[in-house]
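Architecture at a glance
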Amino acid sequence: WSSPWLKALEVPDSRKTEDMEARYYDTPTLAFRKEKLAFRIRKEGERWVATVKGGGSSQGGLHERQEWNVEISRPAAELSIFSNTPVGSQLVKLMGAEPLHVIVVTRFERRSFCVRTEKGTVIEVAVDKGVIIAEGKRAPILEVELELKEGSTDEVLALGDRLMAEYSLVPEGQSKYYRGLVLAGLVKEK
């Protein structure tokens, strides 16, 4: 957050601090999970965003996946909001007649800013601190997340390598959601 070399790359006026709470939903039979999809509704500051993530891969802490986001007016788990996305009809089919319920909750403070590398790549640097809650159990969140906003994936990896070397960080191959599934006993830890 206060690194001099990151401040030298910082995009002006990009710093912000937000309280976030995400609720991840699935059916009782975990229909979405079985198809490698995650459906969440997250409060980001004062706004609500519904997201579906799916597919992709995770290697060495680099997560690449498809993502559909829809800003919503209230935190209601309604799949109809994705009707104009490529994943909308798949979600409705998977859900069938089953109800949706919350399986994982995350609550954290996100402090973030963007940097622009010498090659012009824009990367959001986010520091998350909070908790994962699932089945009455809790696990801490304390992570630095890098998100490519524009440019080269190689530049994200290079920034990650430098941060790991300077601050003794280790890559996390599991998302907050996956860690919640492990906590709930719904999947085995990799």
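Our subject is the structure that appears above.
None of these values were measured; they are calculated from a predicted model.

Enumeration according to the criterion identifies five aromatic pairs in this entry. Judged by centre distance (5.7 Å) and plane angle (65 degrees), the rings of Trp 1 and Phe 113 are edge-to-face. Taken together, the residues Trp 1 in the segment before helix H1 (4-9) and Phe 113 in strand S5 (residues 101-116) connect sequence positions 112 residues apart. On the basis of relative accessible area, Phe 113 is assigned to the buried category, the value being 2%.

Moving on: the pattern of salt bridges. Side-chain pairs of opposite charge can arise where the charged atoms are in close proximity. A complete count under the given rule lists 17 salt bridges for this structure. Its salt-bridge partner being Arg 23, residue Glu 21 comes within 2.9 Å of it at the nearest N-O pair. Judged by its relative accessible area of 21%, Glu 21 is partly exposed. Under the relative-accessibility criterion, Arg 23 is labelled partly exposed at 34%. For Arg 179, the salt bridge identified is with Glu 143, shortest N-O distance 4.0 Å. With a gap of 36 residues between them, Arg 179 in helix H5 (residues 176-183) and Glu 143 in strand S7 (residues 137-150) connect regions that are remote in the sequence. A relative accessible area of 18% places Arg 179 in the buried class. Its relative accessible area of 18% is what places Glu 143 among the buried residues. What emerges from the salt-bridge pattern is a single network uniting Arg 110, Asp 128, Glu 143, Glu 145, Lys 176 and Arg 179.

Moving on, we come to the nonpolar core. General note: in soluble globular proteins, nonpolar side chains tend to be found buried as a group. In this structure, Ile 103, Val 104, Tyr 177 and Leu 181 are the most contacted members of the largest nonpolar core, which totals 18 residues. The dominant element in this core, judged by the number of residues it contributes, is H5, at four residues. When near neighbours in sequence (up to four residues on either side) are disregarded, Leu 181 contacts Arg 33, Ile 103, Val 104, Leu 186 and Val 187. In this structure, Leu 37, Val 52, Leu 79 and Phe 82 belong to the second largest nonpolar core, which totals 15 residues.

Bringing the pairing of strand S6 (residues 122-134) into the picture now. Burial analysis of S6 places 10 of its 13 residues in the buried class, the great majority of the element. Of the pairings in the sheet, the one linking S5 to S6 comprises 12 bridges and is antiparallel in character. Counted as the bridge partner of Arg 116 is Val 122 from S6. The hairpin formed by S5 and S6 contains five residues between the paired strands, and Gly 120 there has a positive phi angle of roughly 95 degrees. Across 13 bridges, the pairing between S6 and S7 is antiparallel. Across the sheet, the residue bridging to Lys 129 is Leu 142, located in S7. As consecutive antiparallel partners, S6 and S7 are separated by two residues, and within that stretch Glu 135 has a phi angle of approximately 50 degrees, a positive value.

Glancing now at unusual backbone geometry. Phi at Leu 30 takes a positive value of approximately 55 degrees, unusual for a residue other than glycine. Of note in this structure, Lys 36 is not a glycine but carries a positive phi near 60 degrees. Under the relative-accessibility criterion, Lys 36 is labelled exposed at 61%.

Here Glu 44 shows up in strand S2 (residues 37-44). In this structure the side chain of Glu 44 is engaged in a polar contact, spanning 2.9 Å, whose partner is the side chain of Arg 42. Filtering out sequence-adjacent residues up to four positions away, Glu 44 remains in contact with Glu 18, Asp 19, Met 20 and Val 49.

Conventions used here
- Residues numbered from 1 in each chain as written.
- Predicted model: local features only at pLDDT ≥ 70, side-chain atom pairs only at ≥ 80, totals over all residues.
- Heavy atoms only, no water.
- Phe/Tyr/Trp six-rings, centres within 6.5 Å; stacked < 30°, edge-to-face > 60°.
- Helix = DSSP H or I, 4+ residues; strand = E, 2+ residues; numbered from the N terminus.
- Buried < 20%, exposed > 50% of the residue type's maximum accessible area, 1.4 Å probe, protein only.
- Salt bridge = Lys/Arg side-chain N within 4 Å of Asp/Glu carboxyl O.
- Core = buried A, V, L, I, M, F, W, Y, C linked by side-chain atoms within 4.5 Å.
- Contact = heavy atoms within 4.5 Å.
- Pairing = 2+ DSSP bridges.
- Polar contact = N/O pair within 3.5 Å; in protein donor to acceptor, adjacent residues only side chain to side chain.

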